[in-house]
Amino acid sequence: MASVKSTKTVLTILQLRIFIALFLVMLYFSLTTANFLSQNNLLIMAKHLTVIAVLSLGMSLVILTGGIDLSVGSIVGISGMVAGYLILYGLPVGESIIFFNPVEVAVIACIVGALIGALNGYLITYLGVPPFIATLGTMYIVRGAAMLSNNGATFANLVGRPELDNTGFNLIGNGEFLWLSTPVWLLIILTIITIFIVRKTPLGRHIYAVGGNEQAARFSGIRVNRVKLFVYSFSGFCAAVVGLIITSQLESAHPNAGNTFEMNAIAAVVLGGTSLSGGRGTVFGSVIGACVICALNDGMVMSGISEFWQMVIKGAVIVLAVVVDQLQQRLQARVLASA
Amino acid sequence: MMNKLFFSLSIAALIVSAPASAQQSKGTIAILVNALDNPYYAAEAKGAEIRAKELGYETITLSHNEDVNKQNELVNLVIGRGVKGIVLDNADSASSVATVRQAKEKGVPVALINREIPEDGLAIVQMTHNNMQAGSEVARLFVKEIGEEGEYVELTCNLADKNCVTRSEAFHQVLDNYPGLKMVARQDAKGALLPGQQAMDSILQEHPNIKGVICGNGPVALGAIASLLSANRPDVKVVGIDGSNDERDSILSDKLKASVMLQAQVLAIHGVDLLDKYLATGKTDEAERQMTRGILITKANAGNVNDFYYTEKK
Amino acid sequence: MKRLGILCACILMVPLLGGWKIVSKEELVKIYEGEKLPELSAKTYLEEGIRPYALKTAHPAPEVLKAIDEDFDKACKAFGFRHSESAFPCNFWMEIKGSVVKLDTKSQSGRAWVLPEGVPPDAADEEAGTIILLIGPAIDSMGPRDGYPELKYEQFNDQTKFGAFGREINRLLSDDIRARVSDLEKGSMVDVIGVLSTWDKPWGNAEVVPVAFK
């Protein structure tokens, strides 16, 4: 049947659209801008990618359960401030002050991020606050806390001092290992872990189930609240990692770091084919979505497109992605019906 | 799965077969400032662009919007693009140190304009306005205008910007010497026209007997004037700092009493000149930190101001 | 879920593993002390630097003012000092010997109009030909700080601190001047060394900050 076959071809193309999009974007900029595909530039873009992509890992899981997390940008900010404070001033305990080494500082910052995420999860599950509202509120509270922590000022010069045994913090953002910088390695490792959780563990199946039909999931014995608590904590953890990367690269903690990052993360997840109502999508798709946004951003900057146009183009791309997604859904339903 | 593999491979093939970079002219200079919709930063960018083109460079103008992370990313991107030098009006001095250092390590000289960083030896030059002098001069004129007794209001520009803090300190180092002058309100008007106007509206309700308003930058001063005019209070004297064309016009029509023109174009042009010299000879032969005076503008000399450039008309 | 719980517990344990450095509050202060720029003393600079320099380099006021009148830039090179043409005004050290013709001690920016020796008084305008001494308590000119070559902006690298230092010098000067000015009145004779700080030829009478009294 010719029409079914052509529909199936169209469907395949639509399913692979994020890869096609990435290919087209890279092609366009490589032809119009000098140096776009140079090794140097690709490594730089990879570094920029980590910020959006790591956030999109956590955001994917949250959106897969049908929720949303608007507070990740603020968590990026506060995790940097926590790390900055610990490196500069340590933890006062009684009469003395404890200075943690950089690894421990990083772990503590991640714990803080996860705890804030857990707070989000608690508000959403046990207190029944809708995710949009809960994370919107947390977004403001956490940003305010980051500003208050040093009265709006930054913690500067976070290189640590040898006398305090806390040097080496900047390796998180700037270290290099086998040609790739540390943040890129962190992204690769975290992506593998996230995909593993989602594909190979019962928790992963539960995430999809909760997103697909929460009532049915609850009736089939899945601990929905625990699943949600996990995804929001994980999202907070990812945000904390991004905060550490940025703080380490800049060697200073800025309380406004991460402002509006949640938008890019959500856009990456949506572009990658995840539905905002939950239950459908892939983590790898989100990462590719982040690649597209990053390539688009950096490409537009490098080819000198005015930044006001950059905003328009970015918005158009996102809307287009959702429209195509709807198209894919309808075609899929039609193919299934005629099978 | 096979399809995904196919596409991943084709992207990889594209990367491997990337064309060699095109030949450059004298090179490109990147100009990185704050928001381009503020006339001050637009003037800086324009001054630098024109000068760089005169010297034979191509230019690329970007804005970081006070976001240090974006600034870091943009600097990395333009270095990757192969620019020869960067003129930077940085966002938040302390957080910009690492970014400038990275540029230096990659062999791209950076000329800092308008705002300094707390470390020496990283940028080839750090050019700032003498905000202290600007603030003091306008404050002294403010005292002459409103007298040594009375109530006044201070509307600052965005206090997250160190320059704004310096200007406010300069005001107080002059005004606090006059115990007869009482500051009845101080508000951070975010350096923009609308917040300035709204702040003035509220404060005027609360304190109708004020004699003057001293503002941290131009847009705030213009906002305050708009508010005072709509409340029919032309007797309240307003001064500011910046010296944009809008302020000049306001001074010429007797609305704004005085301003201090910051020589944005002079800074930008000198920054480009020093980059050119550094690229040609490997050094600048000048001190790293340079201050440039602001020029007090009153009705008498307002006609000499245009686009943050002061030309003495003989 | 249980495995996850165990993983989380392990992660929470990491910060407690040790590899800490414990210092006391005093030690921390000492570690950070070493990095600050040394604090400069306004008093030392005024007494051991600025005043001796002023006494050494001052020229008679009428001579300096005449040179400024003829050609400002030449006069600055001959009689004045400026750190840089783009950022600082030119500072002229001069000696003023004359009699007080007008006094204003009510205003915060107190002034004394001094008619230099050898200049004939103008019956129509008592201020004509006079030099104005800024006697405070609010002294707004930064001449004393900017007129001394050994005090540079690079020693502060912070505009606010630089401004505050200038203010401190002026405050010390103002205290000093107040002590001497209390018995000044119309007709008193004065002999002071002071500094005129200006970007260009002054429009009205020259305004000088007195730094040393003879």
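Refer to the structure above for everything that follows.
Quick caveat, the model's predicted, so the values are computed rather than measured.

A. Representation of the sheet that holds strand S2 (residues 96-99) of chain A within the structure. Taken together, three strands build an open sheet; the order of strands is S1(A)-S2(A)-S1(C) and the sheet is antiparallel. In this open sheet, the two edge strands, each paired with only one partner strand, are strand S1 (91-93) of chain A together with strand S1 (21-24) of chain C. With strand direction ignored, the average angle separating the axes of adjacent strands in the sheet is 30°. Where S2(A) and S1(C) come together, four bridges link them in antiparallel fashion. Across the sheet, residue A:Phe99 finds its bridge partner in S1(C), namely C:Lys21. The strands that helix H2 (residues 25-33) of chain C touches are S2 of chain A together with S1 of chain C; relative to S1(C), the one it contacts most, it runs at about 95°.

B. Region of interest: the interface of chain C and chain B. On the side of chain B, 18 residues touch chain C, which itself brings 15 residues to the contact. Ranked by the residues each element gives to the side of chain C that touches chain B, the list is headed by helix H7 (residues 159-181) of chain C, at five residues.

C. Looking closely at the sheet that holds strand S9 (residues 237-239) of chain B. Residue and element names in this part refer to chain B. Taken together, the four strands give an open sheet; going across it, the order is S7-S6-S8-S9, and neighbouring strands pair in parallel fashion. If you trace the sheet from one side to the other, it starts and ends with strand S7 (181-188) and S9, each paired once. Shown here is a sheet whose adjacent strand axes are inclined to one another by a mean of 20°, direction ignored. Inspection of the sheet shows strand S6 (residues 150-156) paired to strand S8 (residues 212-215) by four bridges, in the parallel sense. Looking across to S8, one finds that valine 153 is bridged to valine 213. The sheet strands contacting helix H7 (residues 193-206) are S6, S7 and S8, and the helix crosses S6 at an angle near 150°. In the packing of helix H8 (residues 218-230) onto the sheet, the strands contacted are S6, S8 and S9, and the crossing angle to S9 comes to about 165°.

D. Broad picture of the interface of chain A and chain B. Across the contact, 34 residues belong to chain A and 31 residues belong to chain B. Ranked by residues supplied to the side of chain A that touches chain B, first place goes to helix H2 (residues 17-32) of chain A with six residues. For the side of chain A that touches chain B, the per-class residue count stands at 16 nonpolar, 15 polar and three charged.

E. Focus on unusual backbone geometry. All names here are of chain B. Even without being a glycine, asparagine 114 presents a positive backbone phi close to 75°. Examined against the element boundaries, asparagine 114 turns out to sit in the loop between strand S4 (110-113) and strand S5 (125-129). Judged by C-beta crowding, with 24 C-beta atoms within 10 Å, asparagine 114 ranks as buried. In this structure, phenylalanine 308 takes a positive phi of about 60° despite not being glycine. Residue classification places phenylalanine 308 among the buried positions, given that 25 C-beta atoms sit within 10 Å.

F. Spotlight on the nonpolar core. Counting 243 residues, the largest nonpolar core has A:Leu55, B:Val87, B:Val213 and C:Val208 as its most contacted members. Here this core gets 15 residues from one element, more than from any other, and that element is helix H11 (residues 224-250) of chain A. A domain split of this core shows at least three residues from each of domain 1 (25-127 + 264-292) and domain 2 (131-261) of chain B. Contact partners of C:Val208, with chain neighbours within four places excluded, come to C:Met94, C:Ile96, C:Ile131, C:Ile132, C:Leu133, C:Leu134, C:Gly194, C:Val195 and C:Leu196.

G. Layout of the pairing of strand S6 (residues 131-137) of chain C. Residue and element names in this part refer to chain C. Burial of S6 is extensive: six of the seven residues sit out of reach of the surface. Alignment of strand S5 (residues 109-116) against S6, held across six bridges, turns out to be antiparallel. By the bridge assignment for S6, valine 114 is matched with isoleucine 131. Of the pairings in the sheet, the one linking S6 to strand S8 (residues 207-213) comprises two bridges and is parallel in character. Along S8, the bridge assignment pairs leucine 133 with valine 208.

Calculation rules
Residues numbered from 1 in each chain as written. Chains lettered and ligands numbered in written order. Predicted model: local features only at pLDDT ≥ 70, side-chain atom pairs only at ≥ 80, totals over all residues. Pairing = 2+ DSSP bridges. Helix = DSSP H or I, 4+ residues; strand = E, 2+ residues; numbered from the N terminus. Axes fitted to C-alpha atoms, helices over the stretch in contact; angles between N-to-C directions. Contact = placed C-beta atoms within 7 Å. Nonpolar A, V, L, I, M, F, W, Y, C, P; charged D, E, K, R; others polar. Buried ≥ 20, exposed ≤ 12 C-beta atoms within 10 Å, placed from the backbone. Core = buried A, V, L, I, M, F, W, Y, C linked by C-beta atoms within 7 Å. Domains from an automatic or database assignment.

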